[in-house]
Amino acid sequence: MSIAHYIKEIGRGKDGARSLSREQAADLLGQVLDGGVTDLEIGAFCLAMRIKGETAQEMAGFLDATHARMDRLPSSEKPLVVLPSYNGARKLPGLTPLLALLLAREGLPVLIHGVATESNRVYTADVLCALDIPAQVAIKAVAAGTVVFVPTVLLSPGLQRLLDVRRVVGLRNPAHSLVKLMNPSQGRSLVVGSYTHPEYALSMAATVELMGADAMLLRGTEGEAVADARRIPKMQGFVAGRPIDLQEPQGGTLTTLPDLPAQIDAASTAAYIRRVMVGNSPVPAPIALQVLHILWLVSLM
């Protein structure tokens, strides 16, 4: 099998490239995930899509292919909150585990999935390990009130290989967007997706609507699914693909800043999270607000 005819369509440059239908995109990525194409074709696909950009129809097709091949978790008793974690911490402490623990304390099952995509960041898996939450080694249902971390390779080895392309070519590819929108569960889930650039907010929202998914989208902390602890970001919700405006972004000059750890290493971040969870440090207001919005969205599902 070959994806050369698809590459010919999407690889004509920014102005000459043609977009694929949802069915074509699903077939293309399905072949990639199944390992039926060459490394050269995969590299060409990644670079062509990086130049062209993904449409909502293409991203929906990529998600269709991913969901069809993924080793998905069994349904949980309550809707599962899914926190993709692929960006890591670069300048600010990575507080995705704090968001997860706060949601679990409210009785929700919480899944964090991810993998390190670069070598110079502190990743959620490291912070979770410091919090005595090890990575899972097998796929199983998530109990209410618990946090589970599942490495991407357990969900989809083919998707893991596609993410690893970034280490070779140095550029993101469609996998880096679809992991932030995919539903790794057989049951109903609320996926908390984040973006780093405004244009992705529009494309991701269009994809969620097209998929009829339950989700929250926000500009998270350095691309992570947790709100920036310093300033309240815009938050948009979706229930069965129907958009709901949740939160307008905080404007103006910041007058106060939360007492965040000065270091972003896993041990310092975990120690801070422990202080917050026992009440010795306050929950940053943007994260507390994000928890409330997630709880409300789940109540509508």
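Here, the structure is the one placed above.
Peer 1: Looking at this structure, how should I read helix H11 (residues 266–277)?
Peer 2: Because an α-helix completes one turn every 3.6 residues, residues spaced three or four positions apart along the sequence face the same direction. For H11, with twelve residues, the first-to-last C-alpha span of 16 Å sits near the 16 Å given by 1.5 Å per residue. Taken as a whole, H11 has its buried residues at Ala266, Thr269, Ala270, Tyr272, Ile273 and Val276. Burial along H11 is one-sided: seen end-on, the buried residues are contained in an arc of 160°. The elements touched by buried residues of H11 are helix H5 (96–105) and helix H6 (124–130). Put simply, Asp265 is the residue that caps the front of H11, since its side-chain oxygen is 3.3 Å from the backbone nitrogen of Ala267.

Peer 1: Hey, could you run me through the packing of aromatic side chains in this one?
Peer 2: Note on aromatic pairs: each is described by the distance of the centres and the angle between the planes. Per the counting criterion, the structure on display carries one aromatic pair. Judged by centre distance (6.0 Å) and plane angle (80°), the ring pair of Phe45 and Phe62 falls under edge-to-face. Here the residue Phe45 occupies a position in helix H3 (residues 39–52), and Phe62 occupies one in helix H4 (residues 56–69), the gap between them amounting to 17 residues. Accessibility assignment for this pair places Phe45 and Phe62 in one class, buried.

Peer 1: Help me understand the pattern of salt bridges, please; the structure alone is not making it clear to me.
Peer 2: Side-chain pairing between opposite charges can occur once the charged atoms of the two side chains come close. Tallied over the full model, the rule gives nine salt bridges. The residue Arg12 makes a salt bridge to Glu9 at a minimum N-O spacing of 3.9 Å. The exposure class assigned to Arg12 is partly exposed, which follows from its relative accessible area of 38%. Here Arg22 ties to Asp64 by a salt bridge, and the two come within 2.7 Å at their closest N and O atoms. Remark: Asp64 occurs in helix H4 and Arg22 occurs in helix H2 (residues 22–33); sequence separation between them is 42 residues. Overall, Asp64 belongs to the partly exposed group, its relative accessible area being 28%. Taken together, the shared-partner salt bridges in this structure form one network comprising Glu9, Arg12 and Arg18.

Parameters at a glance
- Residues numbered from 1 in each chain as written.
- Predicted model: local features only at pLDDT ≥ 70, side-chain atom pairs only at ≥ 80, totals over all residues.
- Heavy atoms only, no water.
- Helix = DSSP H or I, 4+ residues; strand = E, 2+ residues; numbered from the N terminus.
- Expected span 1.5 Å × (residues − 1).
- Buried < 20%, exposed > 50% of the residue type's maximum accessible area, 1.4 Å probe, protein only.
- Arc of directions from axis to C-beta.
- Contact = heavy atoms within 4.5 Å.
- Polar contact = N/O pair within 3.5 Å; in protein donor to acceptor, adjacent residues only side chain to side chain.
- Phe/Tyr/Trp six-rings, centres within 6.5 Å; stacked < 30°, edge-to-face > 60°.
- Salt bridge = Lys/Arg side-chain N within 4 Å of Asp/Glu carboxyl O.

Read these as spatial facts, not as claims about activity.
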